[in-house]
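Close look at the chain arrangement
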Amino acid sequence: MQSTMMNYPLTLPHILDRAARLYSHVEVVSRMPDKSLHRYTYGEFYRRSRALSEALLKAGLNRGDRVGTLMWNHYTHLETYFGVPCAGGVLHTLNLRLSPADIAYIINHAGDRFLIVDDVLLPLLEKFKDQINVERIIAVPLTRRSVPDGYDNYEDFLAQATGKFTYPALDENDPLGMCYTSGTTGRPKGVVYSHRALVLHTLAAGLADMLGLTQRDTVLPVVPMFHVNAWGIPFVAAMAGAKMVLPGPHLDPASLLELFEHEQVTCSAGVPTIWFGILQALDKNPGGWKLIPGMRMIVGGSAAPEAMIRAFDKHNLRVVHAWGMTETTPLGVVSHLKANMDHLPEDEQYAYRAKQGVQAPFVDIRAMNEQGEIPWDGKSMGELQVRGPWVAASYFNNAEAQESWTEDGWFRTGDVVTIDPEGYVKITDRTKDLIKSGGEWISSLDLENALMSHPAVAEAAVIAVPHPRWQERPLAVIVRKPNAEVSREELQSYLAPKFVNWWLPDDYVFVEQIPRTSTGKFLKSVLRDQFRDHVLSRVE
Ligand code: AMP
């Protein structure tokens, strides 16, 4: 027997068309480089996205051709999110925080045929333009009407479209976009998303216990649109009909808070670094901005420390912790309390909320150590492995990296986790950042979390330093809050009641800042190099 259901393709044009039909009045607000606000509606967004599709096809775009974008978060970037894939092209978002050499490598490796670049980023492009070979560069005139000689003007490009355009036939397994991992080691690796993966990710991400966006929301992704589909938010917002607010290049706390207030944002998303800055601004000037009470902040990319979740609650802002990767489109697990946890003491609730969360539907998870799959007891540690319809099965043109998949087809995340009986995953480390002392693992993230709850500590990174007897011992690298004082001994006695003795750092060093990757993660490999020869003097 066969089912009697239609075989309807899961492709992006449906989301775009439906958004226009149902939500054409909903606004998209963008902050421009000169800080002015650009506003238009989903109706206009639809018209211009389709104009981009039509113009790209007129320019000779073939199915599967890559279109690179070097852009901040604003309405034009949003148009490429839809206009490129709906024309059968592949949207390749480029991380503008990488070095020029890395961006050039990525463009060449991906084989980008077209590039769309913000005019304010042309100086960056000029640094590597002679190292790349793309057919056409289209500049977006954000700051003036014209663009420099040698570039196509995005507005003129769009103006060629007639509006009489039908989407090319798309298969749900056709490629839609690609993104390179921002990895802390080795060359960046490319992940290619399909329409099907992206559509299913969008449906799941929209669920109430995931990102939970509706047409009553106003969502502001601080997470750059060049970083893993801005965590899927533009697609989920378009499906839900949520108002979008795009912050352009202005990511400092005051600019963001002003925009949260002005546009009455109900949901935002970004990495912990952004939220630390916002918290400091709020603590300095409580009540300085009239934010929507209960505004949700999706925090991922690095661990959201429990202290941060608590501190935001005091401002009536709710952190939702989530975990994902470039290879997982990105959402894998999200942390909301289950209803049966409502009666738990506050401390236990916070402990759950500080975990990365439970698996999204259709994302299978397991954690493995040398003995095999670990039990879900909240104590055993193993490497998190995942599989699902929006999890990568390989990297683009990179056979060597195939060891990232197990023989039975799971993706090895490189994150070490515990999973508790309720199914909450807690990241304890990156495999590469693990501290192995006398054969036992110490969780650097647990130590960092605890240290960052100390009132004088702004940031803490705990790394492994070689040790003659224990192979490795933890060293805590601390950034103090402005004008705050704290000693090694004070920090050690602060941690002592919270951990077994052998987990406690052997030593503490104080620094001005912790090096970060282009996406805001601690760059522990640099710290390990810096402190490789550090002589540990154990604090008692
Ligand atoms: P990327 O591919 O650049 O998005 O990086 C993915 C990696 O970021 C993951 O493998 C984790 O190591 C880290 N990561 C993402 N979200 C979290 C989180 N909520 N807590 C801890 N680490 C995270």
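If you're wondering where the values come from, they're calculated on a predicted model, not measured in any experiment. (Residues numbered from 1 in each chain as written. Predicted model: local features only at pLDDT ≥ 70, side-chain atom pairs only at ≥ 80, totals over all residues. Heavy atoms only, no water.)

Moving on to the packing of helix H2 (residues 42-58) against helix H3 (residues 75-86). At a minimum axis distance of 8 Å, the contact between H2 and H3 shows a crossing angle of 50°. As far as their axial angle goes, H3 and H2 are oblique. Once H2 is placed against H3, the crossing between them reads as right-handed. Along the contact surface, H2 presents Phe45, Arg48, Ser49, Leu52, Ser53 and Leu56, while H3 presents Tyr75, Leu78, Glu79, Thr80, Phe82, Gly83, Val84 and Cys86. Residues of the contact of H2 with H3, tallied by class, amount to eight nonpolar, four polar and two charged. (Axes fitted to C-alpha atoms, helices over the stretch in contact; angles between N-to-C directions. Helix = DSSP H or I, 4+ residues; strand = E, 2+ residues; numbered from the N terminus. Parallel < 35°, antiparallel > 145°, perpendicular 65-115°, else oblique. Left-handed = near helix turned anticlockwise from the far one by under 90°. Contact = heavy atoms within 4.5 Å. Nonpolar A, V, L, I, M, F, W, Y, C, P; charged D, E, K, R; others polar.)

Counting 178 residues, the largest nonpolar core has Phe82, Leu125, Phe260 and Phe312 as the members making the most contacts within it. The contacts of Phe82, once residues within four sequence positions are left out, are Leu12, Ile15, Leu16, Phe45, Ser49, Ser53, Pro234, Phe235 and Ala238. Counting 13 residues, the second largest nonpolar core, distinct from the first, contains Ala458, Val477, Ile514 and Leu536. (Core = buried A, V, L, I, M, F, W, Y, C linked by side-chain atoms within 4.5 Å. Buried < 20%, exposed > 50% of the residue type's maximum accessible area, 1.4 Å probe, protein only.)

Our focus in this paragraph is the layout of surface pockets. Estimates place the volume of the second largest pocket at around 900 Å³. Mapped by element, the contributors of at least two residues to the lining of the second largest pocket are helix H10 (272-284), helix H11 (306-314), helix H12 (346-354), strand S21 (425-430), helix H13 (444-451) and strand S24 (457-467). (1 Å grid on protein atoms, 1.4 Å probe; cavity = no way out; pocket = protein on both sides within 12 Å on 5 of 7 lines; lining within 4 Å. Points joined across faces, edges and corners; volume = space filled by probe spheres on them.)

A separate point is the pairing of S21. Pairing between strand S20 (residues 411-419) and S21: five bridges, direction antiparallel. Among the inter-strand pairings, Thr418 is bridged to a residue of S21, identified as Lys426. Where S20 hands over to S21, the hairpin turn is made up of five residues, of which Gly423 adopts a positive phi near 95°. (Pairing = 2+ DSSP bridges.)

A few words on unusual backbone geometry. The omega torsion of the bond from Thr329 to Pro330 falls at 15°, within 30 degrees of zero and hence cis. Position of Pro330 relative to the elements: it lies in the loop between strand S14 (318-324) and strand S15 (331-335). With a phi close to 60°, Asn316 is a non-glycine residue in the positive phi region. Along the chain, Asn316 turns up in the loop between H11 and S14.

Enumeration over the complete set of coordinates arrives at 13 aromatic pairs. Seen from their ring centres, Phe499 and Trp503 are 5.9 Å apart, and the 15° between their planes marks the pair as stacked. There is no split in this pair, since Phe499 and Trp503 are both buried. One cation-aromatic arrangement involves Arg50 over Tyr167; the distance from NZ or CZ to the ring centre is 5.1 Å. When the ring centre of Phe510 is taken as reference, the NZ or CZ atom of Arg480 above it lies at 3.9 Å. (Phe/Tyr/Trp six-rings, centres within 6.5 Å; stacked < 30°, edge-to-face > 60°. Lys NZ or Arg CZ within 6 Å of the ring centre and 35° of its normal.)

As a further point, take H12. For H12, every residue scored as buried is listed here: Gln349, Tyr350, Tyr352, Arg353 and Ala354. In this structure, the buried side of H12 is in contact with H11, S14 and S15.

Here Ser518 lies in the loop between strand S26 (507-510) and helix H15 (524-530). Residue classification places Ser518 among the buried residues on the basis of a relative accessible area of 14%. Here Asn95 takes part through its side chain, which lies 3.0 Å from a polar atom of the side chain of Ser518. (Polar contact = N/O pair within 3.5 Å; in protein donor to acceptor, adjacent residues only side chain to side chain.)

Further remarks concern the sheet that holds strand S18 (residues 372-373). Read from one edge of the open sheet, five strands run S18-S17-S19-S20-S21, paired in antiparallel fashion. Sheet topology places S18 and S21 at the edges, where each strand pairs with a single neighbour. Pairing of strand S17 (residues 364-369) with strand S19 (residues 382-387) involves five bridges; the strand directions are antiparallel. Its bridge partner lying in S19, Asp364 is registered against Arg387.

Attention now moves to the sheet that holds strand S2 (residues 37-41). The strand order across the open sheet built from nine strands is S2-S1-S11-S10-S12-S13-S14-S15-S16, with neighbouring strands paired in mixed fashion. The sheet is open, and its two borders are formed by S2 and strand S16 (358-359), each paired with just one other strand. Bridging between strand S12 (residues 267-270) and strand S13 (residues 296-299) involves four bridges; their strand directions are parallel. Across the sheet, residue Ala269 finds its bridge partner in S13, namely Ile298.

Relative to the 18 Å expected for 13 residues at 1.5 Å per residue, H10 spans 18 Å between its end C-alpha atoms, a close match to the ideal helical length. Along H10, the positions that sit buried rather than exposed are Pro272, Ile274, Trp275, Phe276, Gly277, Ile278, Leu279, Ala281 and Leu282. (Expected span 1.5 Å × (residues − 1).)

With that settled, consider empty space enclosed by the protein. Under the defined criterion, the tally for this structure stands at two cavities of 30 Å³ or more. Its volume calculated, the largest cavity comes out at about 110 Å³. Every residue lining the largest cavity is counted, 14 residues in all, and those nearest its centre are Asn95, Leu98, Cys179, Tyr180 and Phe226. Secondary-structure elements contributing two or more residues to the lining of the largest cavity are strand S4 (90-93) and strand S8 (175-180). Tallied by class, the residues present in the lining of the largest cavity amount to six nonpolar, eight polar and no charged. If you trace the second largest cavity, you find it lined by Trp72, Asn73, Val222, Pro224, Pro247, Gly248 and Leu251.

Describing two packed helices takes the angle between their axes plus the distance from one axis to the other. Viewed as axis vectors pointing N to C, H11 and H12 meet at an angle of 115°, and their least axial separation amounts to 9 Å. In the crossing of H11 with H12, the sense of the turn from one axis to the other is right-handed. Of the residues in H12, those touching H11 at Glu306, Ile309, Arg310 and Asp313 are Glu346, Asp347, Tyr350, Ala351, Arg353 and Ala354.

Within the structure shown, the criterion is met by 34 salt bridges. Across the pair Glu135 and Arg113 runs a salt bridge, and its minimum N-O distance is 2.8 Å. Of this pair, Glu135 sits in the loop between helix H5 (122-126) and strand S6 (136-140) while Arg113 is found in the loop between helix H4 (100-110) and strand S5 (114-118), placing the two residues 22 residues apart along the sequence. Exposure remark for Arg113: the relative accessible area of 18% places this residue in the buried category. Residue Asp217 pairs with Arg296 through a salt bridge whose shortest N-O separation is 3.2 Å. In this pair, Asp217 is assigned in the loop between helix H7 (195-205) and strand S10 (218-221) and Arg296 in strand S13, connecting sequence segments 79 residues apart. Judged by relative accessible area, which is 8%, Asp217 ranks as buried. One salt-bridge network, in which partners are shared between bridges, spans Glu27, Arg39, Lys243 and Glu263. (Salt bridge = Lys/Arg side-chain N within 4 Å of Asp/Glu carboxyl O.)

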